[in-house]
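For reference, the chains in residue letters:
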There are 2 protein chains.
Amino acid sequence: MSNERERRKEALQIQMHALGADAFLVTSPVHLFYMTGRIFDGFYYVPAQGDAVELIRRPLTPAQAGAIRLKSPAQLPDLLHGAGLPPPKHLALEDRELPYAEYTYLSGLFPGASILGGSALLYRIRMIKSPYEISLLREGAKVHDETHRRIPSLYREGMTDWAFSVEIEHQIRRMGHLGIMRCAGIRLETCSAIVLSGDSAGSPSPYDYSLPGGGRHPSAPMGPDNHVMRPGDTVNVDFCGNINGYLTDITRTYAVGYVKPEAAAAHAFSLSVMRAIEHTARPGVLCSDLYHLAWDMAESAGYADCFMGTVQQAKFIGHGIGLQVNELPVLTKSDATPLQSGMIIAIEPKLICPGVGPVGAENTYLVTEGGTERLTLCNEDIAILGHSKP
Amino acid sequence: MSNERERRKEALQIQMHALGADAFLVTSPVHLFYMTGRIFDGFYYVPAQGDAVELIRRPLTPAQAGAIRLKSPAQLPDLLHGAGLPPPKHLALEDRELPYAEYTYLSGLFPGASILGGSALLYRIRMIKSPYEISLLREGAKVHDETHRRIPSLYREGMTDWAFSVEIEHQIRRMGHLGIMRCAGIRLETCSAIVLSGDSAGSPSPYDYSLPGGGRHPSAPMGPDNHVMRPGDTVNVDFCGNINGYLTDITRTYAVGYVKPEAAAAHAFSLSVMRAIEHTARPGVLCSDLYHLAWDMAESAGYADCFMGTVQQAKFIGHGIGLQVNELPVLTKSDATPLQSGMIIAIEPKLICPGVGPVGAENTYLVTEGGTERLTLCNEDIAILGHSKP
């Protein structure tokens, strides 16, 4: 991790230079983890050049080389001065992670500095994964594949989609999921396993999510709604576990007893979109191109009304993923970001089959020099739950 | 819920008057749920007097009485004008929930208004629970009691504290936990069940938490660390499930095979602190009084070095709880808030028994006119895991 730390710090310093910031004060958990490899209550202060400094309030562990003990954020200016660092003239803060009150409090500690919003710099760096990060994502993808292989054994006849989701989440946790699933922004609040069956999969929700479901309670309006899974129903199992800090996103479709022909056809269409995106995606292709490719296919195939939802259709076809489930880039109509080697993207062309349920798959891909590499390798066909009833 | 909505809106309008705000624009999930009984992507706009207005971006459901469809936050001024509302002169926003970038974006939509930080108003109202909220908390507490009764059946010899925590979390989920556990602020990130055994329970952590543990991975530095639970070890099971939007906090102590005398003594001390607080707490008593009561007892009993942690000791003895795990009031040295009827507080006098493990209990209480009522009623004694080995 020490090479990674140095590499990430230098990448941030390059971005800071472009923004005109001569210092960056990082303090959100996700960005402390990204920059230092661990989470603490405190700050990571990056000057325009040279070494960064950790200022740690908690945990109360013996002093570490290069780390400064801090009791209160109010000490920041004095402690930085004591460490031989000049006062910042243009200080970057995390404008999309810090609440307004904390951002303005920290700004007030540096009255001589102009304050610049810096979150976008970190998002841009995080968008391109290093070989080390890719190895962690591969490790996570293997666990996700293995979890999916075990899912049919968790099904019991007459189960609700809610009860099934609890068993699946339990299986992911047994496979090592740390239990923390990070989302960017304050709005998205989700469980690790979203299991949807029947028409309720198309319930509109507060989230721009591919098939979020309506949930069981108004305080958690996403996911399964306690629909009893009946023979012929399809079931979407979308999950995102955290094995080592990094998330993998994967969806597979199951069917109770047998697959109805319309579900088989719609699922085959989803896989044809997946193959078309795999065939097209490579460095330089725009995110919006992949979005349009998928939607053009949906329109030609007559699936425009049930692609990515029915009443409420998701406005993207895929998204970046890493430390958080919703990273850059986002594959929307308007995102003209070109794909770059080292991006990790989840592609999820899903459909609702009215009267049957949700179908489709989701895979996590690495963008390579030559195209893409699929990390989630388990079988994409619809798997049967319970006794096969042909 | 419609009476509740009206009551909460009026309580907010009274607070707004004291602050000098003639409007409040609420948008965080926790506060939308508190004010409206559900979560949506959009806004709840409360004028100085009269009816509030919902402006909803998602879910895309048929129009509801009193709700306005909104495509983008940029439409807010026009839509409010169209609803016959005067432009705000002093607009309150959630300064502790909204990221800086979103707060300043929303501020910019109302150039004629001064902007006031309003989160504290909502925290103050939420601190006192209504009879309806108390009934939901009672319902949650019953589920928590029943879950604890089932915990010994989940233990297997040779289990790690991590594996035990996964089984306990699974049990809570089976009992109806919705899977979303809300925390205030950006720093606290925790699982529903914190299971700690042996000395690792005292690991210092980034959080001011009573016995957080060190965790299994630097990206999730809290909770069990895979310590194998051995005969004589004590095990703290602290969990917080969400049955209906509201959280209940409860801790019980278990021991593998038998209870070592020093653990029995320290646990009995924890319960004596619990009884002393129950005896003392009533409306008018200061939060800081209860903190000092607990610490004075710990010092007199010779437990000052291991009360609320060892290397890193928690700086509180209890906390408010409701929609979030860390609500007001906080029972710290310096919180001079007087207890009030209708508060819900979790009291957690815990200790580390060196070489044995964590002991103590945590209960959730309702503050009543006459004192307190304990909501978490299951047995507080140390329960034995596995075969009893006297």
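The structure reproduced in this document is the subject of the present report. (Residues numbered from 1 in each chain as written. Chains lettered and ligands numbered in written order. Predicted model: local features only at pLDDT ≥ 70, side-chain atom pairs only at ≥ 80, totals over all residues. Heavy atoms only, no water.)

Our focus in this paragraph is the packing of helix H8 (residues 261-280) of chain A against helix H9 (residues 287-300) of chain A. Residue and element names in this part refer to chain A. Packing of H8 against H9 brings their axes to within 10 Å, and their N-to-C directions diverge by 145°. By crossing handedness, the relation of H8 to H9 is classed as right-handed. Across the interface between the two elements, Phe269, Ser272, Val273, Ala276, Ile277 and Thr280 from H8 touch Leu290, Leu293, Ala294, Met297 and Ala298 from H9. Looking at the contact of H8 with H9 residue by residue, the class counts come to nine nonpolar, two polar and no charged. (Axes fitted to C-alpha atoms, helices over the stretch in contact; angles between N-to-C directions. Helix = DSSP H or I, 4+ residues; strand = E, 2+ residues; numbered from the N terminus. Left-handed = near helix turned anticlockwise from the far one by under 90°. Contact = heavy atoms within 4.5 Å. Nonpolar A, V, L, I, M, F, W, Y, C, P; charged D, E, K, R; others polar.)

Another point: the pattern of salt bridges. Throughout the structure, instances matching the rule amount to 52 salt bridges over all chains. The closest approach of N and O atoms between Glu4(A) and Arg7(A), which form a salt bridge, is 3.4 Å. Taken as a pair, Glu4(A) and Arg7(A) lie in helix H1 (residues 2-19) at a separation of three residues, close to a single helical turn. By relative accessible area, Glu4(A) is classed as buried at 9%. Its relative accessible area of 32% is what places Arg7(A) among the partly exposed residues. Glu380(B) is paired through a salt bridge with Arg275(B); the nearest N and O atoms lie 2.9 Å apart. Taken as a pair, Glu380(B) in the loop between strand S16 (372-374) and strand S17 (383-385) and Arg275(B) in helix H8 (residues 261-280) lie far apart in primary sequence, 105 residues in all. Judged by its relative accessible area of 33%, Arg275(B) falls in the partly exposed class. One network of salt bridges, in which partners are shared, links Asp41(A), Arg57(A), Arg58(A), Glu102(A) and Arg187(B). (Salt bridge = Lys/Arg side-chain N within 4 Å of Asp/Glu carboxyl O. Buried < 20%, exposed > 50% of the residue type's maximum accessible area, 1.4 Å probe, protein only.)

So, about the sheet that holds S16(B). Residue and element names in this part refer to chain B. Spatially, the five strands line up as an open sheet ordered S11-S10-S12-S15-S16, and their pairing is antiparallel. Lying at the two open borders of the sheet, with one neighbouring strand each, are strand S11 (327-332) and S16. Direction aside, the axes of adjacent strands within the sheet are offset by 30° on average. Of the strand pairs in this sheet, strand S10 (residues 316-320) and strand S12 (residues 344-347) are connected by three bridges, and their pairing is antiparallel. Each bridged residue has a counterpart across the sheet, and for Gly318 the counterpart in S12 is Ile347. Across the sheet, H8 is in contact with S10, S12, strand S15 (363-367) and S16; its angle to S15 comes to roughly 10°. (Pairing = 2+ DSSP bridges.)

In this section: the relation of the copies chain A and chain B. Aligned on chain B, chain A shows an RMSD of 0.0 Å; the corresponding rotation is 180° and the shift along the axis is 0.0 Å. Expressed as a symmetry operation, the mapping of one chain copy onto the other fits a two-fold axis. (Least-squares fit on C-alpha atoms with pLDDT ≥ 70 in both.)

So, about the sheet that holds strand S4 (residues 67-69) of chain B. Strand pairing within a sheet occurs via backbone hydrogen bonds; the two strands may be parallel or antiparallel. All names here are of chain B. What the six strands build is an open sheet, ordered S4-S3-S2-S1-S5-S6; its pairing is mixed. The sheet is open, and its two edges are formed by S4 and strand S6 (114-117), each paired on a single side. Averaged over all neighbouring strand pairs, the angle between strand axes comes to 25°, with direction disregarded. Note that strand S2 (residues 41-47) and strand S3 (residues 53-58) share five bridges and pair antiparallel. Directly across from Tyr45, in S3, lies its bridge partner Val53. Seen against the sheet, helix H2 (residues 29-36) touches strand S1 (23-26), S2 and S3 and runs at an angle of roughly 55° to S2.

All names here are of chain A. Residues of strand S13 (residues 350-353) alternate between two faces, with Lys350 and Ile352 on one and Leu351 and Cys353 on the opposite face, all of them buried. As judged from the four bridges shared by S13 and strand S14 (residues 357-360), these two strands associate in the antiparallel manner. Residue Cys353 lies in a different strand from S14, and its bridge partner there is Gly357. In this structure, the hairpin formed by S13 and S14 is closed by a connection of three residues, where Gly355 is found at a positive phi of approximately 80°.

Where two aromatic rings form a pair, the distance of their centres and the angle of their planes describe that pair. Applying the stated criterion across every chain yields a total of 13 aromatic pairs over all chains. Residues Tyr100(A) and Tyr100(B) carry aromatic rings whose centres are separated by 5.9 Å and whose planes lie at 0° to one another, so their mutual orientation is stacked. Of this pair, Tyr100(A) sits in helix H4 (residues 100-108) while Tyr100(B) sits in helix H4 (residues 100-108), placing the two residues on different chains. Centre to centre, the rings of Trp295(B) and Phe307(B) are 5.0 Å apart; their planes meet at 85°, and the pair counts as edge-to-face. Here Trp295(B), found in helix H9 (residues 287-300), pairs with Phe307(B), found in the loop between H9 and S10; they are 12 residues apart in sequence, far enough to count as distant. Both residues of the pair, Trp295(B) and Phe307(B), count as buried. Residue placement shows Arg8(A) over the ring face of Tyr34(A); its charged tip is 4.4 Å from the ring centre. Taking NZ or CZ as reference, Arg216(A) lies 4.2 Å from the ring centre of Trp162(A), over its face. (Phe/Tyr/Trp six-rings, centres within 6.5 Å; stacked < 30°, edge-to-face > 60°. Lys NZ or Arg CZ within 6 Å of the ring centre and 35° of its normal.)

A separate point is the interface of chain A and chain B. Taken together, the contact pairs 57 residues of chain A with 57 residues of chain B. Note on chain A versus chain B: buried area summed over both sides is about 5100 Å², and carbon and sulfur give 60% of it. Area buried by chain A at its contact with chain B is led by Tyr100(A), Arg173(A) and Arg187(A), which between them contribute 14% of it. Connecting chain A to chain B are 10 salt bridges. With its nearest N and O atoms 3.7 Å apart, the salt bridge here joins Arg187(B) to Asp41(A). (Buried area = accessible area lost by both parts, 1.4 Å probe.)

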